[in-house]
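Spelled out from the first residue to the last, the chains are:
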Amino acid sequence: MFTKKDRKIANQNARIKNRDILIERQQEKITKLEKTLREIKIIASSNLNGTDGTLYLGKIKELVRDYQS
């Protein structure tokens, strides 16, 4: 039979487990966003011969559209 102390410990363990799952999911999201930003930086800075910067904006908009779909 569970005592009040046992239930409290079980609840705390469940909270810790849920917190760890949440932290892991957030870490995955952060890693994915960092990868996307690196790709954007590489594509935006490629082929800069004779451009005035509008190419950057077009490439970034294209990446955002692809990412959102």
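Here, every reference points to the structure presented above.
Here we summarise the structure given alongside this text. Just so you know, these numbers come straight off a predicted model, no measurement behind them. (Residues numbered from 1 in each chain as written. Predicted model: local features only at pLDDT ≥ 70, side-chain atom pairs only at ≥ 80, totals over all residues. Heavy atoms only, no water.)

The next subject is the overall build of the chain. Regarding its fold elements, the chain presents two helices and zero strands. Surface summary for the chain: the accessible area is close to 6,600 Å², and the carbon and sulfur share equals 57%. (Helix = DSSP H or I, 4+ residues; strand = E, 2+ residues; numbered from the N terminus. Areas by Shrake-Rupley, 256 points an atom, 1.4 Å probe, with all protein chains shown as cover.)

This paragraph deals with the pattern of salt bridges. One pass over the full model with this rule turns up one salt bridge. In this structure, Asp20 and Arg19 form a salt bridge, with 2.9 Å as the shortest nitrogen-oxygen distance. For Arg19, a relative accessible area of 45% translates into the label partly exposed. (Salt bridge = Lys/Arg side-chain N within 4 Å of Asp/Glu carboxyl O. Buried < 20%, exposed > 50% of the residue type's maximum accessible area, 1.4 Å probe, protein only.)

Let us look at a positive patch on the surface. Residues Lys4, Lys5, Arg7 and Lys8 make up a contiguous surface patch of positive charge. Structurally, Lys5 can be placed in helix α1 (residues 4–44). (Patch = residues over 30% accessible without salt bridge, like charges linked within 9 Å, V, L, I, M, F, W, Y side chains within 5 Å. Lys, Arg positive; Asp, Glu negative; His and termini not counted. Charge placed at Lys NZ, Arg CZ, Asp CG, Glu CD.)

Once that is clear, we can look at the environment of Ile40. Structurally, the position occupied by Ile40 is in helix α1. Not counting residues up to four positions away in its chain, the partners in contact with Ile40 are Ile60 and Leu63. (Contact = heavy atoms within 4.5 Å.)

Before going further, it helps to spend a moment on the environment of Lys61. Relative to the helices and strands, Lys61 resides in helix α2 (residues 54–68). Note on Lys61: relative accessible area 46%, which makes it partly exposed.

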